[in-house]
Every structure is written in structure tokens, then in C-alpha cells.
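The chain contents come next:
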Amino acid sequence: MRASLIQIAVDPDESVDARRVRAASLVVAQRGADLVVLPELWPVGAFAYTAFEAEAEPLEGPTHEVMAKAAAEAGVWLHAGSFVERADDGTLYNTSLVFSPAGERSAFYRKIHRFGFDQGEAVMMGAGEELVTVALPETTLGLATCYDLRFPEQFRGLVDAGAETLIVAAGWPERRRSHWTLLAQARAVENQAYVLAVGTAGTHADVQQAGHSMVVDPWGEVLAQAGADEEILTVELDADKVRATREQFPALKGRRLGLAPPL
């Protein structure tokens, strides 16, 4: 299975409409891949909180339309990263979209763990309530977004639901890049799964992005890693390696669930 990770740069001088068009062209250029992945909130910027309200769109809004067409034109499974969704009740969500090679939406995922503590995304957006997996012919994807990477229980839930390839779309800051690498490898090792972690390049609201998108195999080996600038990683994944790893070293079978908490 060939996967392409598009580490797109977010430039504040580029309009959202222009970036949608450019992102679509980058997706179409990956024709021949099986799976293409974009990062978190690339239309507006993950830290551009002041623009969230103005740039929010319905689930089937402009980003959905452009990305659906790009998936169909390229003939790929497309994880289109995330955008600011405005739900019917007015609530904002950090929502990811997945399209089939026919351009049909296969799933959407609303980010469960919102970053910001008492500001930004954490107070401006609603929290997702559902784990989401997507069955591809070669593998089953488990979806996560940025700050979710710090919560291993979410990934355990995705593995229990059948995930073999974990997608992490992010807008991760440069100042915590060491955590990005460490946590992506940890999620791969503990879940014996591929991790495709794709971030943005550039600067969002004066926050320098880490870039360094990466593909990690089920043993924790980094198969490919980008630099800090806009870049596309293309990697061949062996879908059978997840199953083989879990059979050769069946650590997941050793889990003990339902233990009583300490007194």
C-alpha cells in the first residue's frame, strides 16, 4: 500500500480559498498512491483561533466539495485533514474527512481532545464523542487529531475496533517537536500498528509549526520523516506487517482489563 503524506505550509498571506485549490492540486498529483493524508486545520491554521468563527463551514461545505473532487480525480483514499466545522446547532468542531477513490465521503471524525486548557480550541469548539475507523481494502484506519496523540486510551480503543494503521493529522508546534516524535513512536509500539503522523509547515498566528511528518512501523521504526518545510512523503507500507508483528510478539493479548483502582 502506497501512502503519501502532504505536509502543506500554512502562509497567512495565502487566502483560505487559494489554499484549498492548492491542496487539491497536491492531492491530485499523488495519483498512483492508495492513501493520501493532509494535516490538521490546514485551511485556516491550527493556532489561528481568531479566524475560526469567520472561516467555519458546514460539514458539506467548500472544503468537503473540493476534497471530494480531488479524491475522485486522483483515484485515492483521501484523509483530507481537518477543518473548522459549524454544526447545525452552531457548535464548532475540529472535523476530519475521509473520502473513497470515488469521491464519496466514507467517514468524518470530530476531534475528541481539544487543546488549549482554558483558551483557544478548548473553549471555542465542541468535543467529539465517537471513535472512528475506516476499512480500506488493505488495512483499517483509526482516526486521531493532534492533541489526541497524548491520550493512549483513545488509540487502544481504535485498536480494539480493528485499527491497524493510525492516522494523526496535526498542527503541532515546533517548541514541542520532541514530544511529537516520541509520542508517535510510542503509539506505534504499544499498539503494534503503523502510525502516519502528518503535520503542517509554516506559521499559524505566530506559532512556528514543527513539520517533521513521519511514518512509523509497528516496531517503532521511523520509515520516513519530513523536514520543517512543505514536503510530501511517499512510503510503501506492508499491510501484512501489522498482523505478523502481533502474531510474533503478541503483547496485546497480555492486557489485563477491569482491574480495581488502588485504595
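Quick caveat: nothing in here was measured; it's all calculated off a predicted structure.

Rules used in this analysis
- Residues numbered from 1 in each chain as written.
- Predicted model: local features only at pLDDT ≥ 70, side-chain atom pairs only at ≥ 80, totals over all residues.
- Heavy atoms only, no water.
- Pairing = 2+ DSSP bridges.
- Helix = DSSP H or I, 4+ residues; strand = E, 2+ residues; numbered from the N terminus.
- Axes fitted to C-alpha atoms, helices over the stretch in contact; angles between N-to-C directions.
- Contact = heavy atoms within 4.5 Å.
- Salt bridge = Lys/Arg side-chain N within 4 Å of Asp/Glu carboxyl O.
- Buried < 20%, exposed > 50% of the residue type's maximum accessible area, 1.4 Å probe, protein only.
- Core = buried A, V, L, I, M, F, W, Y, C linked by side-chain atoms within 4.5 Å.
- Parallel < 35°, antiparallel > 145°, perpendicular 65-115°, else oblique.
- Left-handed = near helix turned anticlockwise from the far one by under 90°.
- Nonpolar A, V, L, I, M, F, W, Y, C, P; charged D, E, K, R; others polar.

Draft legend 1. Summary view of the sheet that holds strand 3 (residues 35-37). The strand order across the open sheet formed by six strands is 6-5-4-3-1-15, and the pairing between neighbours is mixed. Both outer strands of the open sheet, strand 6 (105-110) and strand 15 (231-236), are each paired with one neighbouring strand and no more. Between one strand and the next, the sheet's axes are offset by a mean angle of 20°, whatever the strand orientation. Here strand 4 (residues 77-86) runs beside strand 5 (residues 92-99); their pairing, made up of seven bridges, is antiparallel. Of the residues in strand 5, the one forming a bridge with Phe83 is Thr95. The sheet contacts of helix 3 (residues 62-74) involve strand 4, strand 5 and strand 6, and relative to strand 5 the element is tilted by about 15°.

Draft legend 2. Structural view of the pattern of salt bridges. A complete count under the given rule lists 18 salt bridges for this structure. In this structure, Arg19 engages Glu14 in a salt bridge whose closest nitrogen and oxygen atoms are separated by 3.0 Å. Like Glu14, Arg19 is buried. For the salt bridge of Glu53 with Arg86, the shortest nitrogen-to-oxygen distance reads 2.8 Å. Of this pair, Glu53 sits in helix 2 (residues 52-55) while Arg86 is found in strand 4, placing the two residues 33 residues apart along the sequence. A single network of salt bridges, built from pairs that share partners, joins Glu14, Arg19, Arg22 and Glu230.

Draft legend 3. Spotlight on the nonpolar core. Membership of the largest hydrophobic core comes to 26 residues, with the highest contact counts inside it found for Leu35, Val134, Leu143, Leu196 and Leu237. Looking at this core, the elements with two or more residues in it are strand 1 (2-7), strand 3, strand 6, strand 8 (140-145), strand 10 (194-198) and strand 15. Ranked by the residues each element gives to this core, the list is headed by strand 10, at three residues. Residues in contact with Leu237, not counting those within four places in the same chain, are Met1, Ala3, Tyr194, Leu196, Val215 and Leu223. Residues Ile8, Ala33, Leu38 and Leu78 belong to the second largest nonpolar core, which totals 23 residues.

Draft legend 4. Local environment of the packing of helix 5 (residues 152-160) against helix 6 (residues 177-191). For the pair helix 5 and helix 6, the least separation of the axes is 11 Å and the interaxial angle reads 40°. One finds that helix 5 runs oblique with respect to helix 6. Relative to helix 6, the crossing made by helix 5 is right-handed. Where helix 5 approaches helix 6, its residues Pro152, Phe155, Arg156 and Val159 are matched on the opposing element by Arg187, Glu190 and Asn191. Classifying every residue of the contact of helix 5 with helix 6 gives three nonpolar, one polar and three charged.

Draft legend 5. Broad picture of the environment of Ala18. Mapped onto the secondary structure, Ala18 falls in helix 1 (residues 16-28). Taking C-alpha positions, Ala18 is 22 Å from Tyr93, a pair spaced 75 residues apart along the chain.

What is shown is where atoms sit, not what they do.
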